[in-house]
Amino acid sequence: MHIIFYFAIVLHINESIFMKFHWVFFLLFSNFLLAQNEIPQDYFQNPLKINPLLSGTFGELRNNHFHGGWDIKTEQQEGLEVVSSAEGFVSRIKISTYGYGKALYIQHPNGYTTVYGHLSKLSPEIEAFVEKKQYENESFEIELFPEADELPVSQGQLIAFSGNTGGSGGPHLHFEIRDGQQRPMNPMLFGIEIKDTRPPTIRSLYVYPLSEDAHVNNSNNRQRINLTGLKDGSFKANTITACGDIGFGISTTDKLDGSHNNNGVFKITSVLNGQKMSELLFDRFSFAETRFLNHLIDYEFYSNHNSRVQKLFNTNNPVSIYKDVTNEGKLHIQDEMSYEYQIHVSDFAGNERIIRIPIEGKQAENLISQKDTTGILVNSDASFVFEKNGIDLYIPENALYEDVYLDLEFENGIAKVHKDDVAIHKHISLGFDVSNYKMEDRGKLFIGRIGYKGRPIYSETNMNGDRLVTGIRTFGEYKIFSDTTPPSVKSVNFRDGQWISNLSTLQIRISDYETGIKSYKATVNGKFILMEYDYKTNLLTHYFEDGVVTDTENKLKLIVTDNVGNSTIFEATFFRKQ
């Protein structure tokens, strides 16, 4: 700090320039601090002014991703004060319809970043900063990167109010701590205490034959293992017989004190005859690897049973949660040999469950096989093309996690692209020939996955010559649909010609049954007004407190467009005393 003040005196810089220099110094120095690999304790505080109870923990297994932080309960309400967990400056603001909704990112002098998501409103100063930019861009959705001296904050300073915006399933605060490489880290590593005296719950355990000649209990298919609870809280399995390379998978959750939510665990360690075989440690990960969750779990089992079984063996999965893996976590079981396999499941507080599985090596005499090898074999490390009846499929290299047999049937305008029991890592291309459609009709066409009762699930579609093309990340049945119906637009809290001086908001409900809402724009007397969009309730809301509507007689015009270009124009007049 003496160096900073020395330069301030020598250069006679003003306060604004000094603040910029101050933060540049800290950002450069933060790399040195993080390189020391010591996680600071008691540096970050609870971002809410209530006792932190969690509905979601770090690393929880979610749809297509690991949960990147904490979901802190807000007593089932919105509007609780959210404070900065430590001093710093607001380095990023993202206002989005989906995802984290209204979110703030604060950069701290020690190199870490904290994230606050699903906010209902921002603090007055930050709200004014964002609203100005939204009006300049004439857009509710916006992403901003303020300079270091624009929005500085101190520890405990009000920065926002909790809410339920974006992809939130209920009111709560999403809170993250990220390292200097923007990798989410487990907030419990930083000393923010969450009471937990209960050990994890073991839901189910499975064993998998992994090599061509492997088998378990005379079968080469996945087997569920029955467990017996013992007085000390541990579990023991009946002796299994096996031969060849096998691996285990476990479904397990944890409950924190004062909460009924099923959360994720912190560590799962497997040991064979005293030797560590694998460890899953939920301490940190990068966003680039988070979709590999679909390879960590038994995706086929999840698709059919809605239960995530974590594989304790690693077959070419780069996710960094795997630690200290020996022989890919596989057990090589030999005939007439005895083994004891143990699984230790623990939460961050150290509460633990132990499972003991005795294994006897025994070569099977009459092997029972039910493995499905029908369909077309697709190698994951090579690209694949399939074309039939004017429909084409292209699977790029490494779009799949492993070699699989796919059931492909392209008939009568329907592309049956297997079924959703195989995970897709990156988009694969699906195209349809539309040369038999009239040019004037093509603009309303889209590719959709056939959902419940035949309802289309819109897939972002592009026209490429005479082909309609989409990228998909879910297997299933797809076909061409046509959407000629414009969005529905209805006023909620006012009528045309009404005096609404007593209202603080203007609310309109918009929806589109087939392809969904792509864009909207509202003006009053020809002037853009900001309207927030909540897709969960299909509600657009304008807040009169922003002071843009200043006339007594006001002509509202709202244009809403769906994903194939159908538009609805809604017009109404309302009056307000000024």
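Numbering of residues starts from 1 in each chain and follows the order in which that chain's sequence is written. A pLDDT threshold of at least 70 governs which residues receive local features in this predicted model, and a stricter bar of 80 or more applies before side-chain atom pairs are shown or counted, although totals over entire chains, interfaces and linings include all residues. With hydrogens and water stripped out, all remaining heavy atoms of the structure feed into the side-chain values.

## With respect to the sheet that holds strand β31 (residues 408-411)
Part 1 of the argument: In space, the five strands of this open sheet follow the order β31-β32-β38-β34-β35, with antiparallel pairing throughout. The strands lining the two open edges of the sheet, one partner per strand, are β31 and β35 (456-459). Each strand of the sheet is rotated relative to its neighbour by a mean of 30°, with strand direction disregarded.
Part 2 of the argument: Sheet analysis places strand β34 (residues 445-450) next to β35, joined by four bridges and oriented antiparallel. Bridge assignment links R449 to a residue of β35, and that residue is I457. Two strands are said to pair when DSSP picks up at least two bridges between them. Segments assigned H or I by DSSP are reported as helices when at least four residues long, segments assigned E as strands when at least two residues long, and all are numbered from the N terminus. Here the axes come from fitting lines to C-alpha atoms, over the contacting stretch only for helices, and the angles between their N-to-C directions go from 0 to 180 degrees.

## Some words on the pairing of strand β14 (residues 201-209)
Part 1 of the argument: Only protein chains enter the calculation, and the probe is 1.4 Å; a residue is then buried if its accessible area is under 20% of its type maximum, exposed if over 50%, and partly exposed in between. For β14, the buried fraction is high: seven of the nine residues fall into the buried class.
Part 2 of the argument: Pairing between β14 and strand β19 (residues 240-253): eight bridges, direction antiparallel. The residue of β19 that forms the bridge with Y208 is G247.

## Section: the layout of surface pockets
Part 1 of the argument: Here the second largest pocket defines a volume of roughly 970 Å³.
Part 2 of the argument: Lining of the second largest pocket is provided by 31 residues; of these, H65, Y98, G99, G167 and Y535 occupy positions nearest its centre.
Part 3 of the argument: Elements with a contribution of two residues or more to the lining of the second largest pocket: β3 (65-66), β12 (172-178) and β35.
Part 4 of the argument: In terms of residues, the lining of the second largest pocket owes the most to one element, β35, which gives four residues.
Part 5 of the argument: The residue classification treats Ala, Val, Leu, Ile, Met, Phe, Trp, Tyr, Cys and Pro as nonpolar and Asp, Glu, Lys and Arg as charged. All others, Gly included, are polar. Residues that form the lining of the second largest pocket fall into these classes: 10 nonpolar, 16 polar and five charged. Put simply, the grid is 1 Å and covers the protein atoms alone, a cavity is a trapped set of points that fit a 1.4 Å probe, a pocket is an open set with protein on both sides within 12 Å along at least five of seven lines, and lining residues have an atom within 4 Å of a point. Grid points are joined across faces, edges and corners, and a volume is the space filled by probe spheres set on the points.

## Points about the sheet that holds strand β45 (residues 539-543)
Part 1 of the argument: The strand order across the open sheet built from four strands is β39-β41-β45-β44, with neighbouring strands paired in antiparallel fashion. Of all strands in the sheet, those bounded by a partner on one side alone are β39 (488-491) and β44 (532-534). Shown here is a sheet whose adjacent strand axes are inclined to one another by a mean of 25°, direction ignored.
Part 2 of the argument: Judged from the three bridges that link them, β44 and β45 form a sheet pairing that is antiparallel. By the bridge assignment, Y533 is partnered in β45 with L540.

Fair warning: the whole summary comes from geometry, so function is off the table for now.
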